[in-house]
Amino acid sequence: MTHLISSFSGIAPAFTQGLVLSLGLIIAIGAQNAFVLRQGLLREYVASIVLFCAMADALLIAAGVFGMAQALGERPMITKALSLAGAAFLATYGWQALRRAQQSHQLRPAESGAQGKLAAVILQAAGFTLLNPHVYLDTVLLLGSIGAQQAPALRPWFVTGACCASLLWFSMLGFGARWLAPWFARPKAWQILDGLIGVTMWLLAILLLRHTFFV
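First, a word on scope: everything that follows refers to the structure included in this document. A quick note: this is a predicted structure, and the numbers were derived from the prediction, not measured. (Residues numbered from 1 in each chain as written. Predicted model: local features only at pLDDT ≥ 70, side-chain atom pairs only at ≥ 80, totals over all residues. Heavy atoms only, no water.)

This next bit is on helix α5 (residues 118-130). Between the first and last C-alpha of α5 there are 18 Å, a value that for 13 residues agrees with the 18 Å anticipated at 1.5 Å per step. Those residues of α5 that fall on the buried side of the exposure criterion are V121, A125, A126, G127, F128 and T129. (Helix = DSSP H or I, 4+ residues; strand = E, 2+ residues; numbered from the N terminus. Expected span 1.5 Å × (residues − 1). Buried < 20%, exposed > 50% of the residue type's maximum accessible area, 1.4 Å probe, protein only.)

Listed below in structure tokens is the structure:
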């Protein structure tokens, strides 16, 4: 019993650190979160989208903790290139979101009913997840670098905590979206959401460039 308590007391800090850091990074209005929210509001392949996003995060975090972060850290030019590409991606998506915010014909929950094909929806999720360099900066570089500082025996627990946070957040976002459906039945709500997304994406792009090239 004492051994179990001792083991838990050693594992808990690494697990908690991974959980809290991951939640802090993913709980933000972003391209991937906005996509999951929209799918949740439409109630279209929600479980598949949640599972895909959580698994993608898990693979990227694990890759960072177990070596990829160090490899990228030894090649600063790659990191700067990723940052520049990430800023461009965020700025472009922010511009698109601000354009959508000026329109009133937005998606409506009443149009739900799994109209698209699963393969096409998963492909969209892959695009929002894997074509966004900011995802690599958060999961591989930041979480990976912090997790790699853990003792080798504790690194899997750090990764587990981070993965649990990802699964928890995407589940809440996807399956909890139905509770927001009455509010998002109004086109104005979609305009507000897209406006917030656009401004946030531009701010993140500016901060990313500032941190990469001026700090």
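The subject of this paragraph is helix α7 (residues 155-175). Helix length check: α7 (21 residues) gives 30 Å between terminal C-alpha atoms against 30 Å at 1.5 Å per residue, within 8%. Buried within α7 are the following residues: F158, V159, G161, A162, C163, A165, S166, W169, F170, L173 and G174.

On to the environment of P156, then. Within the secondary structure layout, P156 lies in helix α7. By relative accessible area, which is 37% here, P156 ends up partly exposed. Through-space distance from the C-alpha of P156 to that of G18 is 9.9 Å; in sequence the pair is 138 residues apart.

Here the focus is the environment of T139. Assignment of secondary structure puts T139 in helix α6 (residues 133-148). Under the relative-accessibility criterion, T139 is labelled buried at 6%. In this structure, the C-alpha to C-alpha distance between T139 and A56, residues 83 residues apart in sequence, is 9.9 Å. Other than its neighbours up to four places away in sequence, T139 contacts D57, L60, I61 and G144. (Contact = heavy atoms within 4.5 Å.)

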